[in-house]
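Architecture at a glance
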Amino acid sequence: EVIDSETAAILPEVRTNLGLTKDAMIIPSDVHDYLIDKKLLSQEQFVSVTGGNILDNEHVDSFLSCLRAANAAGSKLDGKKIAA
């Protein structure tokens, strides 16, 4: 749902804000900045950066480890989700 619904609205707006063409590549930090500016993501919800290859077990393990560590640390996010 997020990929099909949310990104369809967000990515064109991010590109427009950055003065990019409609098919230009966007770096993840630009999208994070947009989400934080729009109050859809807080900095506290963003816990780390990991590799992005979901077909690589080491990348997936690193991602899950970040989420587990944030959860174990008892993040005070008032029930909000976290991202890595």
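First, a word on scope: everything that follows refers to the structure included in this document. (Residues numbered from 1 in each chain as written. Predicted model: local features only at pLDDT ≥ 70, side-chain atom pairs only at ≥ 80, totals over all residues. Heavy atoms only, no water.)

Let us look at helix α2 (residues 28–37). Along α2, the residues classified as buried are Val31, Tyr34 and Leu35. One side of α2 holds all its buried residues, which, seen down the axis, span an arc of 95°. (Buried < 20%, exposed > 50% of the residue type's maximum accessible area, 1.4 Å probe, protein only. Helix = DSSP H or I, 4+ residues; strand = E, 2+ residues; numbered from the N terminus. Arc of directions from axis to C-beta.)

Within the fold, histidine 59 resides in helix α3 (residues 57–72). Assessed through its relative accessible area of 26%, histidine 59 is described here as partly exposed. Setting aside residues up to four positions removed in sequence, histidine 59 forms contacts with Gly51, Gly52 and Asn53. In terms of polar contacts, histidine 59 uses its side chain to reach the backbone amide nitrogen of asparagine 53, at 3.0 Å. (Contact = heavy atoms within 4.5 Å. Polar contact = N/O pair within 3.5 Å; in protein donor to acceptor, adjacent residues only side chain to side chain.)

Turning our eyes to something else, we now look at the nonpolar core. With 7 residues, the main nonpolar core is built from Ile10, Val14, Ile26, Val31, Tyr34, Leu35 and Leu41. Elements represented by at least two residues in this core include exactly α1 (2–18) and α2. Top contributing element to this core by residue count: α2, with 3 residues. Discounting residues that sit within four places of it in the chain, valine 31 has contacts with Leu11 and Ile26. (Core = buried A, V, L, I, M, F, W, Y, C linked by side-chain atoms within 4.5 Å.)

By themselves, these figures tell us nothing about what the structure is for.
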